[in-house]
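Residue-level structural notes
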Amino acid sequence: MRGVVKHGSEMRTERKKVTGRARAVILVAVAVCAGCGLAFQEPTVTVTEVRLASLGLGGGTRTVVLDIHNPNRYAVESDDFQYRLEFLDDVTAEEPWLTLAEGRVEESVRIPSRERGPVRVDIPFEFGAVGMALGGLLRRGELEYRFTGELRARTPLGAPRVPFDERGVFRP
């Protein structure tokens, strides 16, 4: 029985077909793996506690404790966190949310894959900025707040921004 003998250009054509098929298989495999959990899922940021940490002559420090849940199959890190702490002023109808403090925290945080971790943010304030808030607190016995901001995540897939907007009520 005689086999088929291929020469020069026929062998190159056959090799190109195999190489083209191999590339297609690799591209499909990469696309499937990307859908298997490597795609970035936004972590959730929840305020779990707001408390008065300290008082001085000109102001104080409020501590906000966040719970960050990482649903990804890889750790998420951050060292850039921007925030704004506002309170609801029911007397001023023009702009009901007044800024108590805003800033940036440049502290390294690492949340392992599929875990959650507490992050403590100390927010300094001056008494001049809380005068209106104290009025609302005295009238109602509580203070509605909004804590907004953005966490700049570092992942194997890049550095997405993770926005958050948490609201709650502070009762002393």
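Presented here is a report on the structure given in the accompanying data block. Please read all numbers here as calculations on a predicted model, not as lab measurements. (Residues numbered from 1 in each chain as written. Predicted model: local features only at pLDDT ≥ 70, side-chain atom pairs only at ≥ 80, totals over all residues. Heavy atoms only, no water.)

Before going further, it helps to spend a moment on unusual backbone geometry. Even without a glycine there, the phi angle at Arg114 is positive, about 55°. Tracing the backbone through its elements, the reader meets Arg114 in the loop between strand 5 (109-111) and strand 6 (116-126). Looking at Arg114, the relative accessible area reads 54%, which means it is exposed. (Helix = DSSP H or I, 4+ residues; strand = E, 2+ residues; numbered from the N terminus. Buried < 20%, exposed > 50% of the residue type's maximum accessible area, 1.4 Å probe, protein only.)

To continue, consider the pairing of strand 6. Alternating positions in strand 6 separate cleanly, Gly117, Val119, Val121, Ile123 and Phe125 being buried on one face and Arg116, Pro118, Arg120, Asp122, Pro124 and Glu126 remaining unburied on the opposite face. Strand direction decides the pairing type here: strand 2 (residues 59-69) and strand 6, joined by 11 bridges, are antiparallel. Counted as the bridge partner of Leu66 is Val119 from strand 6. (Pairing = 2+ DSSP bridges.)

This part takes up the sheet that holds strand 2. On the basis of which strands lie adjacent, the open sheet formed by 3 strands has the order 1-2-6 and antiparallel pairing. Strands at the two margins of the open sheet, each flanked by one partner only, are strand 1 (44-55) and strand 6. The sheet shows a mean angle of 20° between the axes of neighbouring strands, direction not considered. Here helix 2 (residues 127-140) sits on the sheet and contacts strand 1, strand 2 and strand 6; the angle it forms with strand 6, its principal contact strand, is near 100°. (Axes fitted to C-alpha atoms, helices over the stretch in contact; angles between N-to-C directions. Contact = heavy atoms within 4.5 Å.)

Quick look at the packing of aromatic side chains now. A complete count under the given rule lists 4 aromatic pairs for this structure. Plain terms: the ring middles of Phe125 and Phe127 are 6.3 Å apart, the flat faces sit at 70° to each other, and that makes the pair edge-to-face. For Phe125, a relative accessible area of 9% gives the class buried. Both rings, one in Phe147 and one in Phe164, keep their centres 5.7 Å apart while their planes meet at 35°; by these two values the pair is tilted. In this pair, Phe147 is assigned in strand 7 (residues 143-154) and Phe164 in strand 8 (residues 161-170), connecting sequence segments 17 residues apart. Phe147 gets classed as buried once you look at its relative accessible area, which sits at 1%. (Phe/Tyr/Trp six-rings, centres within 6.5 Å; stacked < 30°, edge-to-face > 60°.)

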